[in-house]
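# Summary of the model geometry
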Amino acid sequence: MNREIIDINDYTILLEEASSENNLIDSCFFDEPVIAIAFYGAGDVGLNVKFDGKTKEFHHTKGMVLSFYADNMVEFEHHVSKLKSLQCLVIATTLRNIDKLPHGEGQFLEQFLYQLIHPKDHYVEGPVFNMSPEMFQLVEQFFSNTYEGEIKMMFYKSHITALLSHYFGQLAKQQNTKLDTSQIEKINLAQDILLSDLENPPSLTELANRIGTNTNTLKIEFKAQFGVPVFKYLQNERLKKAYSLIKNEQKTIQEAAWTVGYDSLGSFSNAFEKKFGYRPSQV
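To start, this report covers the structure provided alongside it. Since we're looking at a predicted model, the values are computed, not measured. (Residues numbered from 1 in each chain as written. Predicted model: local features only at pLDDT ≥ 70, side-chain atom pairs only at ≥ 80, totals over all residues. Heavy atoms only, no water.)

## Comments concerning the packing of helix 6 (residues 204–211) against helix 7 (residues 215–226)
Counted only if it meets this: Every axis corresponds to a line fitted to the C-alpha atoms, with the helix fit spanning only the stretch in contact, and the corresponding angles, defined between N-to-C directions, vary from 0 to 180 degrees. Under the scheme used here, helices are H or I runs from DSSP no shorter than 4 residues and strands are E runs no shorter than 2 residues, and both carry numbers assigned from the N terminus. Note on terminology: angles under 35 degrees are roughly parallel, angles over 145 are roughly antiparallel, angles of 65 to 115 are roughly perpendicular, and the others are oblique. In this description, contact between two residues means that some pair of their heavy atoms is separated by no more than 4.5 Å. Side-chain classes follow a simple rule in which Ala, Val, Leu, Ile, Met, Phe, Trp, Tyr, Cys and Pro form the nonpolar group, Asp, Glu, Lys and Arg form the charged group, and the remainder, Gly included, forms the polar group.
Following both chains from N to C, one finds helix 6 and helix 7 inclined at 90°, their axes separated by 9 Å at the closest point. The angle between the axes of helix 6 and helix 7 places the two elements in the roughly perpendicular class. Residue-level inspection shows Leu-204, Thr-205, Leu-207, Ala-208 and Ile-211 of helix 6 in contact with helix 7, the latter providing Thr-215, Leu-218 and Lys-219. A per-class count over the contact of helix 6 with helix 7 returns five nonpolar, two polar and one charged.

Right, dumping it as structure tokens:
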């Protein structure tokens, strides 16, 4: 378990990472009542929120944004396993610090998360949705940066501002839109299917049939939820997986390309350079 806590501009930033070959439960509490936004990155850990004898379960957290109010009576329980690792960034503040936040962020909290600013229970849940590609990329950068000292703090300050800008922007778009939770579950299932077999993904028609919808609805709803078309999303995930294989597992470029479904090294290298700005040989 790696846990880092940073205080910035009356926010507390919590970065947590954990992986395990065995089943592991990590529980945490807040010392005082907070309003928080949790961004779940590359891991897909299980989450149980427990309060007043009740339990709220989240089985698929990869890419999820969860906003909430919680006091010290609330337990957040992460279930880590070999296939479900934890990567979570939490931005939290207290009610007494709302008016001290920079850039008018306190006003945005009041506007978009009113029920959290004026809680009626130990735990109050705000909007839950999937991150846009821009938000996901920012969260990834928190866990991959190697800066130290003042430069690291500068990095955190700028990226927190950017991440919150995207977050409030997405809330503004959704403010007048009624969310169809059953449709969201279908699109999340489509995401799981794609990620489970990057090398041999189903066709668009097969994917639509497996989640119980048609291809047109799948294309529209998937792009609305993830910000990119289905197979652009698939390509991005393939390339991110290949990057990790080359950098972290010392796979050859050819091994990485084959693992994520590329038969042509030329096509793989070109797509890789287009996404990351450099060739895979430079990783």
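## Points about unusual backbone geometry
Of note, the phi angle at Asn-9 is positive, near 50°, even though the residue is not glycine. Within the fold, Asn-9 resides in the loop between strand 1 (2–8) and strand 2 (11–18).

## Considerations on the sheet that holds strand 7 (residues 64–70)
Hydrogen bonding along the main chain pairs the strands of a sheet, whether they run parallel or antiparallel. Where we set the bar: Two strands qualify as a pair provided that DSSP identifies no fewer than 2 bridges between them.
With antiparallel pairing, six strands are arranged side by side in an open sheet as 1-2-9-4-7-10. Edge positions in the sheet fall to strand 1 and strand 10 (123–130), since each has one partner strand and no second. Recorded for the sheet is a direction-independent mean angle of 15° between the axes of neighbouring strands. Pairing of strand 4 (residues 34–40) with strand 9 (residues 86–93) involves six bridges; the strand directions are antiparallel. Residue Tyr-40 lies in a different strand from strand 9, and its bridge partner there is Cys-88.

## Points about the packing of aromatic side chains
Condition: Ring pairs shown here join Phe, Tyr and Trp side chains whose ring centres sit within 6.5 Å, with only the six-membered ring taken for Trp; geometry is labelled stacked below 30 degrees between planes, edge-to-face above 60, and tilted in between. For the exposure calls, accessible area comes from a 1.4 Å probe over protein chains only, and a residue counts as buried if that area is under 20% of its type's maximum, exposed if over 50%, partly exposed in between.
This structure, assessed with the given rule, holds 24 aromatic pairs. Where Phe-51 meets Tyr-123, the ring centres are 5.2 Å apart and the plane angle is 45°; that geometry is what we call tilted. In this pair, Phe-51 is assigned in strand 5 (residues 46–51) and Tyr-123 in strand 10, connecting sequence segments 72 residues apart. The class for Phe-51 is buried, based on a relative accessible area of 10%. Among the residues examined, Tyr-123 registers a relative accessible area of 7% and is labelled buried. Cluster of aromatic residues (ring-pair linked, three or more members): Phe-39, Phe-108, Phe-112, Phe-129, Tyr-167 and Phe-168.

## Points about the pattern of salt bridges
The test is simple: What makes a salt bridge here is a side-chain nitrogen of Lys or Arg within 4 Å of a carboxyl oxygen of Asp or Glu, nothing more.
Scanning the entire structure with this criterion turns up 13 salt bridges. Residue Asp-44 is joined to Lys-84 by a salt bridge in which the shortest nitrogen-to-oxygen separation is 3.7 Å. Remark: Lys-84 occurs in the loop between strand 8 (75–80) and strand 9 and Asp-44 occurs in the loop between strand 4 and strand 5; sequence separation between them is 40 residues. A relative accessible area of 17% means that Asp-44 is categorised as buried. Each of Lys-62, Glu-140, Glu-237 and Lys-240 takes part in one network of salt bridges that share partners.

Such coordinate-based values are descriptive only and should not be taken to indicate function.
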